[in-house]
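Chain residues, written in single-letter form:
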There are 4 protein chains.
Amino acid sequence: MEKLRVGILGATGAVGQQFIALLSDHPWFEVTALAASDRSAGKPYREAAQWVLTTPMPEKIATMSVQDCQPNLACDFVFSALDATVAGDIEWDFASHGFPVISNTRNYRFDPLVPLLVPEVNPEHIQLIPAQRRQYGFGNGFIATNPNCAVTGLVLGLLPIWRRFGIQRLVVTTLQAVSGAGYPGVSSLDILGNVLPQIIGEVEKIQREPQKIFGKFKEDQIQLADLQVSAQCNRVPVRNGHLISVALELATTAKREEIAAIYAEFRSPLAEWNLPSAPLKPVQFSSDLFAPQPLRHLGESNSMIVTVGQLQSCPVLSYRLVILVHNTIRGAAGGAILNAEWLRVNGFLPARS
Amino acid sequence: MEKLRVGILGATGAVGQQFIALLSDHPWFEVTALAASDRSAGKPYREAAQWVLTTPMPEKIATMSVQDCQPNLACDFVFSALDATVAGDIEWDFASHGFPVISNTRNYRFDPLVPLLVPEVNPEHIQLIPAQRRQYGFGNGFIATNPNCAVTGLVLGLLPIWRRFGIQRLVVTTLQAVSGAGYPGVSSLDILGNVLPQIIGEVEKIQREPQKIFGKFKEDQIQLADLQVSAQCNRVPVRNGHLISVALELATTAKREEIAAIYAEFRSPLAEWNLPSAPLKPVQFSSDLFAPQPLRHLGESNSMIVTVGQLQSCPVLSYRLVILVHNTIRGAAGGAILNAEWLRVNGFLPARS
Amino acid sequence: MEKLRVGILGATGAVGQQFIALLSDHPWFEVTALAASDRSAGKPYREAAQWVLTTPMPEKIATMSVQDCQPNLACDFVFSALDATVAGDIEWDFASHGFPVISNTRNYRFDPLVPLLVPEVNPEHIQLIPAQRRQYGFGNGFIATNPNCAVTGLVLGLLPIWRRFGIQRLVVTTLQAVSGAGYPGVSSLDILGNVLPQIIGEVEKIQREPQKIFGKFKEDQIQLADLQVSAQCNRVPVRNGHLISVALELATTAKREEIAAIYAEFRSPLAEWNLPSAPLKPVQFSSDLFAPQPLRHLGESNSMIVTVGQLQSCPVLSYRLVILVHNTIRGAAGGAILNAEWLRVNGFLPARS
Amino acid sequence: MEKLRVGILGATGAVGQQFIALLSDHPWFEVTALAASDRSAGKPYREAAQWVLTTPMPEKIATMSVQDCQPNLACDFVFSALDATVAGDIEWDFASHGFPVISNTRNYRFDPLVPLLVPEVNPEHIQLIPAQRRQYGFGNGFIATNPNCAVTGLVLGLLPIWRRFGIQRLVVTTLQAVSGAGYPGVSSLDILGNVLPQIIGEVEKIQREPQKIFGKFKEDQIQLADLQVSAQCNRVPVRNGHLISVALELATTAKREEIAAIYAEFRSPLAEWNLPSAPLKPVQFSSDLFAPQPLRHLGESNSMIVTVGQLQSCPVLSYRLVILVHNTIRGAAGGAILNAEWLRVNGFLPARS
């Protein structure tokens, strides 16, 4: 199988860099085009980007020239790591010119024809794409999005419970890492030895995105799930890894052992497809007294897993638990790459001539 | 008014040190006796204690000799900062010998005859003391306790709402500072750039103590309040200041403006007494976008206030808000000192001959 | 004595805010004008400034209107906290219009007619001002500067040794706090759990400024001191307080006890003047095993002291020691305010009509 | 080549754990015995050790039973990660019973017959072993040690300069990570947002060990190198990685470009031996403006490299530079493992029957 050629929109930013790092030896995809704002266009990537990852910049990428975000890139599809202020027009432009756009940005997450995709959770939502192409005149192009980083952790971490017992209400409190704010992002003067009890725009995303993700695809539409979510979001002095403290109300009763058993049995619904970025056990359940911790439980399966711990009964709703997700990998670039893999095996990513 | 002579049990530990610092120029109380474990007894305090506060050790204290925890200290009453493993017997022993014991330890918090006291919240609970003295044969002695540090913040921060609208259910998530674990306490290897999603024993305290504190005193008993509390507790890399993220269900409906107004109007029920450690506005309400923060909102009124912010409506219960409390001052030593002040003006702390 | 009216240039930045906080109840000076860039001019200070200090913004300042940096402010003299990129022209402009300019910026530190002033170290350098006024046609105006924050700590911490034994060579390594970079300054992604071994431009300042400060005033000139300084500078995840590790070569031999004694005896050469910001003992010497620490030894005398510890003999030069200075107070705004106090008692700050 | 059987003394501590992690898939060595204090003996390792690494405990090790530190372990040689308070007797006991002891502890570093070994620097020092065996009556047993973690970084980082130009004097300031203090080690209350300017015992090691390491082997002795070292040591809130700021005086003059060239050319003197843990380029030289950083430059070649940066001329001695070393890997367990590899290819580690 020949590798598909990939373009990255917003390649110089923190998420763009994460795409580059994760794709540096991907078996199906190869980065052939880097695009960013006018300011960067024309420069070699090494000069255009201020590399913030702790792994080194791939040599091959360093010498590539950064291009404008024009829909003439030499690639089969694009990942978008664009800033939301410019992503709307550019992503639409690329889709209109026939490019599949796998986006990490929030702009089209609530477009009724755009899948908000976590392949283990709602793989069938990609069936929105034919209607999207028709109605928007995109030809072979389309837009598919992944959720907010904390929401990815939330829906994936709750998936085993959701499927088996149903969930009606969620009270969520997040403890989010600074890498979620990009670079330079959070000032050290604001966060060293401190917590910020507010992340602008985050509450709305967490309260709203799960209903679409858990929704049912039916007749070219997603019927939103009946689920109430309450959220309050905190920034903590941690580099990577969002912790999500959850109180949940089940739709049907379940004992603690039943829930633990459901988690122990859980395997990826995508297992048979052998997608390169899909862990066989995407949800790790731990009964370790001090799990999950950002420092200790982020790395397994290339950080594409979420870890669930601290399961206890809740005197107000049904249960409490804590979910950990790697926000820039599973919750951003890695999630988008998995989306592309799922879209490819379903035939949505043909090679462009 | 002559100063009362104060003994400190457990004077060498982190909470004991905080008592010493806060009492160093107290207008009503003067430290005249320091007691600690056998290991320290006989040494000058300077040698016995490894001082962990960032303010210097008071000179007068440094040269005092540490004594055994025997009920023959030259003082009118004692504060107890003892470790829970030894506090039970020692506190009882002192009370039996006629000493009022104002304790920060958990051992007697649920004794039905011992007040679990936050003077702004349940000042009338001190009326348990006569029955306690009678039944336990304590003479002039007695035991009074203050709650867990996070619980103090919780009940005080919710007091204005509790009084006016009533509260039926609470879903609580805490982000707690390392000073709450004492010294050496949390290893830097466990918490630098990390979060620990578990604090042993803390969930139980937070789920159980508020019912007693909000309970009604009636016929020498406390009738527990009808309130369900769910808690999950996290340790974060912050030095001082516990953040408490709350989702609450009101007993009666209220608009956001009404709640904000209740907070704005709130004044200490103890104001007329002019207690040295009692702030006139013990609950500060902030509509600042990024309040409350441990780094910025702990200091006012000698850290005896709590700060409430992030008030928003909750899609699951009624409202969400975030409370900040200085855990080692308002939540520990300072809270106990305020208890002593309240007990004194009510005649429970006579001078001993 | 009537208060002098003070203008602050660059009032909205981090150093400008520190000036405001320190002057909020100064007995000699009163802030009457705030000036900043065009972007801020015309707005109330509350809106123009993003307040980064952990103490609250003074109410009186919050409502003042920010003005342009034009030399028509209603004040008797100005403090300059301007960015170095614009400070050169603006400071000259104010001095030309007769305003004394007490500057924290680096632009004129090496102008041979501008004092680089630490009043305890080189109080006589203010005698440069008459020649400066004459040669530059400043009328009553002039420019006086204070050194780089680490240099202030270095020269003040070494002053007792310098005066008594002389110093020929210094090998300096700094561990500098993030507040030295202003706001937003250092990104949390760069410094959380990390050290940056480079602070742009800092080595040159530390290697060059001490010679002028320790220089002799003679015939309207400063004769540079004969002192070699080597520096390497690190940024560490500390909020406030620069640590300066020094190896020094004495001009004459001295025993460790002699050096300790010199420090113990040291009193401020300015003591008789009763300047409001001048500590009687500006250099605190500690033989505590773990002193000095940013967390524990910054606060005394309103953070206008430096603390010296870790004195040990050096197998390569003569001695090693470690100095701690509060970089935004003694090393910046507080240092400039002390300069103004010293200039006032010497008659250089007349009231303007 | 069959794997040698390895015992680990002090297997439950932080360094012992690092040995276990690094040996988990070593091609030449296999852990067959774990020994620790009486308190742990008899328990399965999973229960005896509080695992502090962020990588998981190897399954095979978890179920092994911890034994007493008696010289009857079923292994061909032992690594010692014992606490210095007990290491002296135990290591001697094992050597006396014919076990090669590759120790990370300080006790025998200055025994004139014990090599203090960094194989790239002083590979010939292993020739001390025959005399050691003879004089101490160890049979096939012996003791070999590796230096203090910061010293390993220092001598390896300076090796290219030492060999070509010679070094006469060093002024060293360290910024050391908390993992160097073991677990629980440094209290979070001491180090969060702080620096400790003292690490007990460290100055002496850094000032004294390099002379032996750089010394010449001659007639069963090490002639100490003529090198003066001055050190001051700081603990910083970093998890792993010691930074070592150095000012050095060359024995012969050299231009900056010559030094940079020497570093660029430098290859491991051990390259031909293909030791599993020996990097081909053990010293990485970087001219990156912000290198080396603990966060970004520790990982290459399994953290067995050191990184050198910030090379600049020094106004007092000859040059300044900054070295970074992974303190628990290259500076401790990894260094000892490399010592064992070097000893094996030189025939000092026969299989025991």
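Residues numbered from 1 in each chain as written. Chains lettered and ligands numbered in written order. Predicted model: local features only at pLDDT ≥ 70, side-chain atom pairs only at ≥ 80, totals over all residues.

> Outline the overall build of chain A, supporting the account with residue identities and numerical values.
Looking only at helices and strands, one finds 11 helices and 14 strands in chain A. Compactness check: chain A gives a C-alpha radius of gyration of 20 Å against a globular reference of 20 Å for 353 residues, within 12% of the reference. Of all 353 residues assigned to chain A, the portion counted as buried reaches 59%. Residue pairs in contact within chain A that sit at least 24 positions apart in sequence constitute 73% of those at least 6 positions apart. (Helix = DSSP H or I, 4+ residues; strand = E, 2+ residues; numbered from the N terminus. Rg over C-alpha atoms; globule rule 2.2 N^0.38 Å. Buried ≥ 20, exposed ≤ 12 C-beta atoms within 10 Å, placed from the backbone. Contact = placed C-beta atoms within 7 Å.)

> Just give me the short version of the interface of chain A and chain B, but keep the residues and values in it.
Counting residues at the interface gives 38 residues for chain A and 38 residues for chain B. Going through the elements one at a time, strand E7 (167-176), strand E10 (228-235), strand E11 (242-250), strand E13 (306-313) and strand E14 (319-325) of chain A are the ones with two or more residues in the side of chain A that touches chain B. Considering only residue class, the side of chain A that touches chain B consists of 22 nonpolar, 13 polar and three charged. (Nonpolar A, V, L, I, M, F, W, Y, C, P; charged D, E, K, R; others polar.)

> I'd love a proper account of the relation of the copies chain A and chain B, names of residues and values included.
You can overlay chain A on chain B at an RMSD of 0.0 Å; the transform is a turn of 180° with a shift of 0.0 Å along its axis. Given the turn and translation reported, the copies of this chain are related as if by a two-fold rotation axis. An overlap of 100% is found between the interface residues of chain A and their copies at the interface of chain B, pointing to a shared contact surface. (Least-squares fit on C-alpha atoms with pLDDT ≥ 70 in both.)

> Any details on the confidence of the model for chain A? Residues and values, ideally.
Per-chain confidence: chain A averages 97 in pLDDT, with 100% of residues scoring 70 or above. Across the predicted assembly, pTM comes out at 0.97 and ipTM at 0.96. (pLDDT = per-residue confidence, 0-100.)

> So what's going on with the relation of the copies chain B and chain D? Residues and values would help.
Turning chain B through 180° and shifting it by 0.0 Å along the axis lays it on chain D, with an RMSD of 0.0 Å. In this assembly, 100% of the residues forming the interface of chain B have copies in chain D that are likewise at the interface, indicating an isologous arrangement.

> An account of the sheet that holds strand E14 (residues 319-325) of chain D is requested, with residue identities and associated values reported.
All names here are of chain D. Pairing within the open sheet is mixed, and its six strands lie in the order E10-E7-E11-E14-E13-E12. Sheet topology places strand E10 (228-235) and strand E12 (283-285) at the edges, where each strand pairs with a single neighbour. Across the sheet, the mean angle from the axis of one strand to that of its neighbour is 20°, orientation sign disregarded. Pairing between strand E7 (residues 167-176) and strand E11 (residues 242-250): eight bridges, direction antiparallel. Bridge pairing links Leu-170 to Leu-248 in E11. Helix H6 (residues 149-165) contacts E7, E11, E12, strand E13 (306-313) and E14 of the sheet and is inclined by roughly 30° relative to E11. (Pairing = 2+ DSSP bridges. Axes fitted to C-alpha atoms, helices over the stretch in contact; angles between N-to-C directions.)

> Give me the lowdown on helix H11 (residues 329-345) of chain B, citing residues and values where you can.
Residue and element names in this part refer to chain B. For H11, the principal kink sits at Gly-335 and spans about 50°. With 16 of its 17 residues buried, H11 lies for the most part within the structure. Remark: Gly-347 follows H11 within two positions and exhibits a positive phi of approximately 80°. (Bend = angle between axes of the 7 residues up to and from the residue.)

> Tell me about the interface of chain B and chain D, and please be specific about residues and values.
The partner chain D presents 15 residues to the 15 residues of chain B that form the contact. The residue inventory of the side of chain B that touches chain D, partitioned by class, reads nine nonpolar, five polar and one charged.

> Quick rundown of the environment of Thr63(A)? Include the residues and the values.
All names here are of chain A. Assignment of secondary structure puts Thr-63 in the loop between helix H3 (59-62) and strand E3 (66-67). Distance in space between the C-alpha atoms of Thr-63 and Glu-47 is 9.0 Å, their sequence separation being 16 residues. With sequence-adjacent residues up to four places away left out, Thr-63 is seen in contact with Pro-44 and Arg-46.

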